[in-house]
Amino acid sequence: MPTEYFLAHVWLIPLFPLAAAAVMLLFGRHLAKAAVNVFCVGGVFLSMVYAFGAILQLLARPVSQRVVEYVLFDWLPAGAMHTTAGQLARFDAPWGYLFDPLTVVMLGVVTGVGFLIHVYSIGYMAHESGYYRFFGYLNLFMFSMLTLVLANNVLEMFVGWEGVGLCSYLLIGFYFHKKSATDAGKKAFIVNRIGDAGFILGVFLMAGTLGTINFTQLWPAILSGNFHHGDAALTAIALLLFVGATGKSAQLPLYVWLPDAMEGPTPVSALIHAATMVTAGVYMVVRTSAIFSMAPLALEVMAGVGAATAIFAASIGVLQTDIKKVLAYSTISQLGYMFLACGVGAFSAGVFHLMTHAFFKGLLFLSAGSVIHAMSGEQDMLKMGGLAKKIPTTYRTMLVATLAIAGIPPLAGFFSKDEILGRAFGVSHLLWLVGLITAGVTAFYMFRLLFLTFYGESRVSPEAEHHLHESPASMTVPLAILALLSIVGGWVGIGGRFEKFLEPVISPPTIGMMAEGPASPPNLSLRHDEVTAPSAPREAEKEAGEAAPESLLMIVSVAAALVGIGLAYFLYLKRTDLPAKIAASAGGLYRLVCEKYYVDQIYDAMFVNRTKDLALALGAFDRIFIDGLFVNGAGRLTRATSVISAWWDKWFVDGLVNLGARIFWLVSYPVRMLQTGRVGSYALLIVLGLLVFIGCYIHAAGFKMEHLWP
Amino acid sequence: MAMFLIGVIGVVTRRNVIVILMSVELILNAVNINLIAFSRLAGSVEGQVFAIFIITDAAAEAAVGLGILIAFFRNRETVLGDEMDLLKW
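Residues numbered from 1 in each chain as written. Chains lettered and ligands numbered in written order. Predicted model: local features only at pLDDT ≥ 70, side-chain atom pairs only at ≥ 80, totals over all residues.

1. With respect to the overall build of chain B
- Helices and strands together make up the secondary structure of chain B, namely three helices and zero strands.
- Going from N to C terminus, chain B has its helices and strands arranged as α-α-α.
- Here the C-alpha atoms of chain B give a radius of gyration of 16 Å, more than 25% beyond the 12 Å that 2.2 N^0.38 yields for 89 residues.
- Counting only C-alpha atoms and orienting by the principal axes, one finds that chain B spans roughly 50 × 25 × 25 Å. (Helix = DSSP H or I, 4+ residues; strand = E, 2+ residues; numbered from the N terminus. Rg over C-alpha atoms; globule rule 2.2 N^0.38 Å.)

2. A look at the overall build of chain A
- For chain A, the helix and strand inventory stands at 31 helices and two strands.
- Whereas a compact globule of 710 residues would reach a radius of gyration of roughly 27 Å, chain A reaches 38 Å, over 25% beyond that.
- A buried classification covers 49% of the 710 residues belonging to chain A.
- Pairs at least 24 residues apart make up 83% of the contacts formed inside chain A by residues separated by at least 6 positions. (Buried ≥ 20, exposed ≤ 12 C-beta atoms within 10 Å, placed from the backbone. Contact = placed C-beta atoms within 7 Å.)

3. Considering helix α19 (residues 429-454) of chain A
All names here are of chain A.
- The end-to-end C-alpha distance of α19 is 37 Å, a good match for the 38 Å that 26 residues give at a rise of 1.5 Å each.
- Most of α19 sits out of view: 22 of its 26 residues are buried.
- Remark: Gly456 follows α19 within two positions and exhibits a positive phi of approximately 70°. (Expected span 1.5 Å × (residues − 1).)

4. Side note on unusual backbone geometry
All names here are of chain A.
- Following Leu252, the chain continues into Pro253 via a peptide bond in cis, with omega recorded as -5°.
- Look at Ala250: it is not a glycine, yet its phi comes out positive at around 55°.
- Along the chain, Ala250 turns up in the loop between α9 (232-248) and α10 (257-260).
- Even without glycine at this site, Ser376 takes up a positive phi of about 55°.
- Take Ser376: it is sitting in the loop between α16 (347-374) and α17 (392-406).
- Residue class for Ser376 comes out partly exposed when judged on the 15 C-beta atoms lying within 10 Å of it.

5. Digging into the packing of helix α12 (residues 280-287) of chain A against helix α15 (residues 323-343) of chain A
Residue and element names in this part refer to chain A.
- At their nearest, the axes of α12 and α15 sit 10 Å apart, and the two run at 10° to each other. The orientation of α12 with respect to α15, classified from their angle, is roughly parallel. Of the residues in α15, those in contact with Val282, Val285 and Val286 of α12 are Leu335, Met338, Phe339 and Cys342.
- Its residues assigned to classes, the contact of α12 with α15 comprises seven nonpolar, no polar and no charged. (Axes fitted to C-alpha atoms, helices over the stretch in contact; angles between N-to-C directions. Parallel < 35°, antiparallel > 145°, perpendicular 65-115°, else oblique. Nonpolar A, V, L, I, M, F, W, Y, C, P; charged D, E, K, R; others polar.)

6. Quick word on the environment of A:Arg66
All names here are of chain A.
- Relative to the helices and strands, Arg66 resides in the loop between α3 (33-59) and β1 (68-82).
- Each C-alpha atom, one on Arg66 and one on Leu485, is 25 Å from the other, the two residues being 419 residues apart in sequence.
- Filtering out sequence-adjacent residues up to four positions away, Arg66 remains in contact with Leu58, Arg61, Asp100, Pro101 and Pro504.

7. Digging into the environment of A:Ala280
All names here are of chain A.
- For Ala280, the position within the fold is in helix α12.
- For Ala280, a count of 27 C-beta atoms within 10 Å corresponds to the buried category.
- Between the C-alpha atoms of Ala280 and Trp161, which are 119 residues apart in sequence, the distance is 7.7 Å.
- Leaving out residues up to four positions away in the same chain, Ala280 has contacts with Leu148, Trp161, Val164, Lys248 and Ser249.

8. Thoughts on the environment of A:Thr266
Residue and element names in this part refer to chain A.
- Position of Thr266 among the secondary structure elements: in helix α11 (residues 266-275).
- By the C-beta count within 10 Å, which is 27 here, Thr266 ends up buried.
- Expressed as a C-alpha distance, the spacing of Thr266 and Gly336, which sit 70 residues apart in the sequence, is 22 Å.
- Sequence-distant contacts of Thr266, that is, excluding residues within four places in its chain, are made with Tyr124, Lys324, Phe365, Ala368, Gly369 and Ile372.

9. Points about helix α25 (residues 550-574) of chain A
- For α25(A), with 25 residues, the first-to-last C-alpha span of 35 Å sits near the 36 Å given by 1.5 Å per residue.
- Elements that come into contact with the buried residues of α25(A) comprise α17, α18 (412-427), α19 and α26 (578-586) of chain A.

10. Structural notes on the confidence of the model for chain B
- When pLDDT is averaged along chain B, the result is 84, and 94% of the positions lie at 70 or above.
- Predicted confidence in chain B is weakest over helix α1 (residues 2-13) of chain B, with a mean pLDDT of 81, and strongest over helix α3 (residues 46-76) of chain B, with 89. (pLDDT = per-residue confidence, 0-100.)

Structure representation (structure tokens):
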């Protein structure tokens, strides 16, 4: 095998699932389940092998050479243009793949977790119809997600971005015979459209302002374009891109689709709506961190939105009773954390949390799926309880994941969450406080979920009790692997190693880095003094973060988590009568949170129903003006004039024709009389004609009777 | 000549198609006799050869005519020539 074989064949990684998806969606109907497994799980396995091969080969390189960019072909060559900054740029969008430390993280998560979830799906979907369809969509999703992750420019990323959106829609609506599922799919798709509109506008503005959309050229373009820190154009781009991120990553105010997306099969919820797709927004923000770093306003907005989403979603999660809905709100809340991290400039902490979150939230969803599988489809936690003894493997993995998300050391969630909180403290104490409270609330509702499901008395219905069984090995083995990752996944971040690892992607390029880059402007070294300018505030933040008493912050955040756990223990195991009483005394507030702050209703009232009204009004306009006045009016007019022309046709044109016919009819009368149609009369005419002919002949020949009788 | 005329009159006046066909045979046989008579008068065999051709022809014609008649009868359930009045515009 040639050196760096995998690194040179990065472009193969998305193609394996694409091929499998094509086979499934074209011929899947005729394939046996075993063949579906071979194609789909095999396809993802191959791309995982290639991904990890490439990752290892990249890590084997020295730090300064850890950016590899391949351009497969020119995709959209658009020629030369002037940027709004007045520079001449050659704008084109190649179809290429970028492989750098950030890709390593995302690729590892997507293919690794993706493969485990595919294996898990074999067990989970075993009794479902549409098996091949499910795996076909899942593989199509893997292709789109890998395109998104490996893209070397924003537009190619957008292709993957829309692809995952489509697959998300298809998989949420997988049970298409259920109206709620198809509605949820449509909701997800439409809400995402709003975000995507922002994203594509951001891409346009980026192309117009910077003259490039390639990730590796963002820093050079910004540095050579004389943009100052806080430039309005850059802020606009950053805000527009963030709008796109709020849609895909379910942030306020566009988060409403994610809880509904739980209508899809649970592996889908785990893969798409927890581990990978919803983190695409964070990934995109980190990829374009060059722009965000120059736009402090956008960062502030992002931090604010992230923190608000985190605590808002966490508070809703407290009262949900559907096991998957709790996890959905938890996902929204954790994504809020990631944006909070990015917003305070701690991009690497955001990615770190993204990675650990993919492990433990994927594990949570898969464990919940295992519970649901065991409960024959029951999702209401109030109808569970005491399951720990019945399904011990699932219980153990769920416990690990819950501890991890609660932020208990030394599990994965602790390290990433702690890093985010530490960095937030350095920027704003308010943000830190919100994050801390969210951490406590998260621990509370996650342990509420755990206690309601696995502890206490069994509230399982007799029928479900009868079928209660531990999941097959194809489900428990991925659970165990993810549990392991949820424990050790955070250790890579100890001592800031993770941040250093991502340093080449996030910080402005240094001279050494740029020499490796494929498109380094030759004069960049001259501008090196400018390079440090935009990053100066970030360094200040960093110092502030380090100056904070880090060990104290750590203790406080762990304490918050422990308080949440203790409260959950007290309310849901010790004094199980208390929650109902509190709910009764809280009254209005309880109902407000229970109904998810009426956000869906408000959106319905403000946007959905107004859109419907607009549609009705436009429909009425169409009916009355377009249909009534123009189309039908033209029809009536034509009909009226046609009466005249019909009269003319009937009496004059037709009359002339008929007159001619009538004349010939009259003239032909005597001839017609000859044609009786009877054979006899024709025979008679023949004879007569013959006689006449003979007579004429005889006469003409001057025949005389004497000739006959000489 | 008399036989020929009987045949012609039969073709023209009779209503039954079978009789008409028989009359046609009469006409043909009249022609045969005529041919043979002239052949004898002229001392040549050409007339007799023609007569044999005509006998063959008459047999074929009778077969075809009766075939048409049977087909016609199946369609219209009649053999009367008067009712064969479809041969007009």
